[in-house]
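Examining the three-dimensional arrangement
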Amino acid sequence: MNGGEGRGEWNTMVAFTAQEMGWAREAAGWCIRESMRGGRGTKHNAVTLSAVLLACAHAGALQVGKCVHDQVIRMGLEENVYVGTSVVDMYCKCGRVEMARKAFNRMNVKNIKSWSAMVAGYGMHGRGKEALDVFTEMLKSGVKPNHITFVSVLAACSHSGLVNEGRFWFKSMKQDYEIDPGVEHYGCIVDLLGRAGCLDEAYSLIEEMRIMPDFVVWGALLSACRTYKNVELGEIAANKLFELDPKNSGYYVLLSNIYADAGRWKDVERMRVVIKNKGIVKQPGYSLVELKGKSHLFMIGDRRHPRHKEIYDYLEKLRVRMQEAGYVPDTGSVLHDVDEEEKETVLRVHSEKLAVAFVILNTVPGSSILIIKNLRVCSDCHSAIKLIAKLEGREIVIRDSHRFHHFRDGQCSCADYW
């Protein structure tokens, strides 16, 4: 972003993000007032409540979502299949999959969207076996899966490393259910194979696709190439991505890091020049947290929060404790054109660390923490928050752009598989 136009885009993004959870609350209040008035009938109430629950799910506004769920119960709409499905989806996306399952179990009537929502919910929380159990229940109930259900099934397998199960259901959807795989299904199976180190199999699958691979498919392969340091396939995937999404900085950074891991510093410098010459700017990351009826937004290095000094002081004390416990910053996710000390400084003020620190300072010891992040959590924050959860005796839940991470006792529910 350059000049006034760039600043305008930035301000718009920040303003929209900051208002997300506030809008959900306003919509919930309006919805409840309208519903209490009556006069528009059950159908109107069901549609309105479903819409507000969707907003709560998107914003991660758990407390608001609970209030709307209470209203659903008072109005006797919990068994409405559309409202009930929205409740399940809301709890899943707000980090409360157990509450989602309870709401799901209370539904007397379930349609394909209800089942798919529960499968997807378990999947995004890394509970792949439970997702497949729900899928099996659905099949036994006589409900026939559709293409969306299979996206949820394959994504659940990917998030949990269930390679053989993923292969089985990918083949079964065509052979047994006559559903041709779409680009979303290929994205899931390539992600699954890539994370398991089956890079050649993943690439062969892409080459066999009868439809054009999109940026999700190639992005899954590129991420796997970074993990397993495969330069050749990484270059192939990255070049495809540069054509499909030329302004996405993440792809250039991933390829640059692949080159760095291989010691190809001239190529690292070449990527740095490309990023600069094309005016590519990294998408700004932010983290949202809901606390005592208010939403708080943090961005990297943020000092706009009224309690930022207290937050930074706490993080500095925490850094010392973490180092004593053996923590070493993982600077691999930072661009290679800055020195190591600067990389460590940048990592220290990532938005999720600021959000976690703020919540720890403002909640009772032992209570759980939910953070909503717009980008995928970086490897350093992932390692750091595992340790913070252990040191502080907290469960820290982060919903990033890809899945949920439940940090507890120095471990993460993803088993470092994300």
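Residues numbered from 1 in each chain as written. Predicted model: local features only at pLDDT ≥ 70, side-chain atom pairs only at ≥ 80, totals over all residues. Heavy atoms only, no water.

Here's the deal with the overall build of the protein chain
Assigned secondary structure in the protein chain consists of 19 helices and six strands. Taking the intrachain contacts of the protein chain between residues at least 6 apart in sequence as the baseline, contacts between residues at least 24 apart amount to 66%. (Helix = DSSP H or I, 4+ residues; strand = E, 2+ residues; numbered from the N terminus. Contact = heavy atoms within 4.5 Å.)

Quick look at the pattern of salt bridges
Tallied over the entire structure, the rule returns 22 salt bridges. Salt-bridge contacts for aspartate 313 lead to lysine 309; the nearest nitrogen and oxygen are separated by 3.3 Å. Residue aspartate 313 and its partner lysine 309 are located together in helix H16 (residues 308–324), separated by four residues, close to a single helical turn. On the basis of relative accessible area, aspartate 313 is assigned to the partly exposed category, the value being 36%. One salt bridge in this structure joins aspartate 416 and lysine 386, with 3.0 Å as the shortest N-O distance. Placement of aspartate 416 in the segment after strand S6 (411–412) and of lysine 386 in helix H19 (residues 379–392) is noted, with a sequence separation of 30 residues between them. Sharing partners across several salt bridges, the network here consists of Glu235, Arg264, Asp267 and Arg270. (Salt bridge = Lys/Arg side-chain N within 4 Å of Asp/Glu carboxyl O. Buried < 20%, exposed > 50% of the residue type's maximum accessible area, 1.4 Å probe, protein only.)

Observations concerning the nonpolar core
Val88, Met118, Trp169, Ile189, Val190, Leu221 and Leu222 are the most contacted members of the largest nonpolar core, which has 85 residues in total. When residues no more than four places from it in sequence are discounted, the contact partners of valine 190 are Ala202, Leu205, Ile206, Val217, Ala220 and Leu221. Within the second largest apolar cluster, 33 residues are counted, among which are Leu291, Tyr327, Val356 and Val359. (Core = buried A, V, L, I, M, F, W, Y, C linked by side-chain atoms within 4.5 Å.)

Regarding the state of the cysteines
Tallied over the full model, the rule gives zero disulfides. Cysteine 56 forms no disulfide, and the closest cysteine sulfur to it belongs to cysteine 94, at a distance of 6.8 Å. Cysteine 67 takes part in no disulfide bond, and the closest cysteine sulfur to it belongs to cysteine 56, at a distance of 8.8 Å. In this structure cysteine 67 comes out as partly exposed when scored by relative accessible area, which is 43%. (Disulfide = S-S within 2.5 Å.)

What to know about the side chain of arginine 399
Assignment of secondary structure puts arginine 399 in strand S4 (residues 396–399). Residue arginine 399 is classed as buried on the basis of its relative accessible area of 14%. Side-chain polar atoms of arginine 399 contact the backbone oxygen of histidine 58, separated by 2.7 Å. Discounting chain neighbours no more than four positions away, the residues touching arginine 399 are Ala57, His58, Ala59, Gly60, Lys93, Ile371, Ile372, Lys373 and Phe404. (Polar contact = N/O pair within 3.5 Å; in protein donor to acceptor, adjacent residues only side chain to side chain.)

Digging into helix H4 (residues 81–93)
Between its first and last C-alpha atoms H4 spans 18 Å; for 13 residues at 1.5 Å apiece the expected length is 18 Å, and the two agree. Of all the positions in H4, only Val81, Val83, Gly84, Thr85, Ser86, Val87, Val88, Asp89, Met90, Tyr91 and Cys92 are classed as buried. At the N-terminal end of H4, a side-chain oxygen is found 2.9 Å from the backbone nitrogen of tyrosine 82, two or three residues along, and the residue is asparagine 80. Directly beyond the C-terminal end of H4, a positive phi value near 85 degrees is found at glycine 95. (Expected span 1.5 Å × (residues − 1).)

A look at the packing of helix H11 (residues 199–208) against helix H12 (residues 215–228)
In a packed pair of helices, the relevant descriptors are the angle between the two axes and the axis-to-axis distance. Here H11 crosses H12 at 160 degrees, and the two axes come no closer than 11 Å. What the angle tells us is that H11 and H12 run roughly antiparallel. Note on packing geometry: the crossing formed by H11 with H12 is left-handed. In this structure, H11 contributes Leu199, Ala202, Tyr203 and Ile206 to the contact, and H12 contributes Val217, Trp218, Leu221, Ala224, Cys225 and Tyr228. Here the contact of H11 with H12 is composed, by residue class, of 10 nonpolar, no polar and no charged. (Axes fitted to C-alpha atoms, helices over the stretch in contact; angles between N-to-C directions. Parallel < 35°, antiparallel > 145°, perpendicular 65-115°, else oblique. Left-handed = near helix turned anticlockwise from the far one by under 90°. Nonpolar A, V, L, I, M, F, W, Y, C, P; charged D, E, K, R; others polar.)

Things to note about the packing of H4 against helix H5 (residues 97–105)
In contact at an axis separation of 7 Å, H4 and H5 are set at 170 degrees when each is read in the N-to-C sense. One way to sum up the angle between H4 and H5 is to call them roughly antiparallel. Of the residues in H5, those in contact with Val87, Val88, Tyr91 and Cys92 of H4 are Val97, Met99, Ala100, Ala103 and Phe104.

Here we look at the sheet that holds strand S2 (residues 294–299)
Judged by pairing direction, the sheet is mixed, and its six strands sit side by side in the order S2-S1-S3-S4-S5-S6 without closing on themselves. With one partner strand each, in any of the chains shown, S2 and S6 form the two edges of the open sheet. Across the face of the sheet, H19 comes into contact with S4, strand S5 (404–408) and S6 while running at roughly 40 degrees to S5. (Pairing = 2+ DSSP bridges.)

Topic: the pairing of strand S3 (residues 369–373)
The element S3 is largely enclosed, with a buried count of five among its five residues. Across the two faces of S3 the burial is the same, with Ile369, Ile371 and Lys373 and Leu370 and Ile372 all buried. Where the polypeptide runs from S3 across H19 and back to S4, its parallel neighbour, the crossover connection is right-handed. (Right-handed = clockwise from strand over helix to strand, strands pointing away.)

With respect to the packing of aromatic side chains
Overall, the coordinates contain 10 aromatic pairs when judged by the stated rule. For the ring pair phenylalanine 150 and tryptophan 169, a centre distance of 6.5 Å and an interplane angle of 45 degrees mean the geometry is tilted. Remark: tryptophan 169 occurs in helix H9 (residues 163–175) and phenylalanine 150 occurs in helix H8 (residues 147–160); sequence separation between them is 19 residues. Accessibility classification places phenylalanine 150 together with tryptophan 169 in one group, the buried group. Residues phenylalanine 150 and tyrosine 177 carry aromatic rings whose centres are separated by 5.6 Å and whose planes lie at 55 degrees to one another, so their mutual orientation is tilted. Of the two residues, phenylalanine 150 sits in helix H8 while tyrosine 177 sits in the loop between H9 and helix H10 (183–195), which places them 27 residues apart along the sequence. Here phenylalanine 150 matches tyrosine 177 in class, with each residue buried. (Phe/Tyr/Trp six-rings, centres within 6.5 Å; stacked < 30°, edge-to-face > 60°.)

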